[in-house]
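Chain and residue survey
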Amino acid sequence: MSSDTAKSFSSLETPGYVGFANLPNQVHRKSVKKGFEFTLMVVGESGLGKSTLVNSLFLTDLYPERLIPGAVENQKQTVKLDASTVEIEERGVKLRLTVVDTPGYGDAIDNSDSFSAILEYIDEQYERFLRDESGLNRRNIVDNRIHCCFYFISPFGHGLKPLDIEFMKKLHSKVNIVPVIAKADCLTKKEILRLKCRILQEIEENGIKIYPLPDCDSDEDEEYKEQVRQLKEAVPFAVCGATTLLEVKGRKVRGRLYPWGVVDIENPEHCDFIKLRTMLITHMQDLQEVTQEVHYENYRSERLAKGVKKTVTTKDDEAITNGNGVVDKDRILLEKDAELRRMQEMLAQMQAKMQAQK
């Protein structure tokens, strides 16, 4: 070893210091290079400002070509799901954000079946992830599972509607629910406080589980503890969205102009917009972990328990059967063979292209 190399290594050596304190930096570099994925679902009746709020949160236009249906179209419209994906980059950190909107939810006269399409979509994403995990190409799995659901509550009622209660009871075991009071600028501070108390009371009475913000450890700094305390107190978040820049006292603010003044959405005195954004960004990793470790694991265990049962059949082997008693081992092998052939075909096409370029 040369003297220069020896010096470079010896300069890093400190008595009693191994160097694994740098592991978080390695994780950070790898995560930044890979980028992040996050899927947000917004559910609520039409006209509650869902699209505007999402555009305000991420400072982007997720729906540039959306057509707003008229009253006649709305009357006939059924619930459909609209997924929009955008790549956002901030200070070198990339976020692949997918927002799943649910136009038509709660707009019909009979809404008894309005949430079945939403629940089916959530299950489909879990099923796709489970299938990809069991496949050959596990390294390039795209995670489209719903990590968080903003459930929009109308500010014009006196709490939760029967549809809200019924849907959230079906949803809470599948996804992280964050209740949001829409168009908070329609209410006074006293009305917002009264509505928040009423909603929390109804959530507790009906046994609905909303996303619980993680508790702070004792060694966390006081500023972070105070932030988490304020976020917990703000649930359900009373928000209003705006993408228009207005000038107020010589500075630009994003808000809404009324005859009596301006609502600045980023002013904590006016609404909980900043608190909602802080909650989403600060706890994005936790939302993903809860989705993986709680909701997805619940789905996975139920799916495996229902779909694949082990039954002792012959002396030589233990056959895997499905619920109808049909041997399932051959089907799984055929699926894996088909996937392997697809991969080989793709590889052959790529090699042919490279040869053609030469």
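No experiment lies behind these values; they were computed from the predicted model shown.

Quick word on the confidence of the model for the protein chain
Averaged over every residue, the pLDDT of the protein chain is 78; the share at 70 or more is 78%. Segment residues 68-78 is flagged for pLDDT under 50; beyond a separation of four residues in sequence, or across chains, it makes eight contacts in the model. Every residue in residues 310-327 is under pLDDT 50, and counting partners more than four places away or in other chains gives 24 contacts.

Side note on the pattern of salt bridges
A complete count under the given rule lists twelve salt bridges for this structure. Note that Arg229 and Glu226 form a salt bridge whose closest N and O atoms lie 2.4 Å from each other. Linking Arg229 with Glu226, this pair stays in helix H8 (residues 222-234), spanning three residues, or about one helical turn. For Arg229, a relative accessible area of 38% gives the class partly exposed.

Points about the sheet that holds strand E8 (residues 251-258)
Strand order in the open sheet formed by three strands is E7-E8-E9, with antiparallel pairing between adjacent strands. Because the sheet does not close on itself, it has two edges, and the strands there are strand E7 (245-248) and strand E9 (261-264). The mean angle between the axes of side-by-side strands here comes to 70 degrees, regardless of whether they run parallel or antiparallel. Across four bridges, E8 lies against E9 in antiparallel orientation. By the bridge assignment, Arg256 is partnered in E9 with Val263.

Brief notes about empty space enclosed by the protein
One pass over the structure, following the stated rule, counts one cavity of 30 Å³ or more. Estimated volume of the largest cavity: approximately 60 Å³. Contributing to the lining of the largest cavity are Gly44, Glu45, Leu48, Tyr105, Tyr151, Phe152, Ile153, Ser154, Lys161 and Asp164. The element best represented in the lining of the largest cavity is strand E4 (residues 148-153), accounting for three residues.

A closer look at the packing of H8 against helix H9 (residues 273-282)
In contact at an axis separation of 10 Å, H8 and H9 are set at 120 degrees when each is read in the N-to-C sense. Considered as vectors, H8 and H9 are oriented oblique to each other. For the element pair H8 and H9, the recorded crossing hand is left-handed. Here Tyr224, Gln227, Leu231 and Ala234 of H8 lie close against H9, whose contacting residues are Lys275, Thr278, Met279 and Thr282. Classifying every residue of the contact of H8 with H9 by side-chain character gives four nonpolar, three polar and one charged.

Calculation notes
- Residues numbered from 1 in each chain as written.
- Predicted model: local features only at pLDDT ≥ 70, side-chain atom pairs only at ≥ 80, totals over all residues.
- Heavy atoms only, no water.
- pLDDT = per-residue confidence, 0-100.
- Contact = heavy atoms within 4.5 Å.
- Salt bridge = Lys/Arg side-chain N within 4 Å of Asp/Glu carboxyl O.
- Helix = DSSP H or I, 4+ residues; strand = E, 2+ residues; numbered from the N terminus.
- Buried < 20%, exposed > 50% of the residue type's maximum accessible area, 1.4 Å probe, protein only.
- Pairing = 2+ DSSP bridges.
- Axes fitted to C-alpha atoms, helices over the stretch in contact; angles between N-to-C directions.
- 1 Å grid on protein atoms, 1.4 Å probe; cavity = no way out; pocket = protein on both sides within 12 Å on 5 of 7 lines; lining within 4 Å.
- Points joined across faces, edges and corners; volume = space filled by probe spheres on them.
- Parallel < 35°, antiparallel > 145°, perpendicular 65-115°, else oblique.
- Left-handed = near helix turned anticlockwise from the far one by under 90°.
- Nonpolar A, V, L, I, M, F, W, Y, C, P; charged D, E, K, R; others polar.

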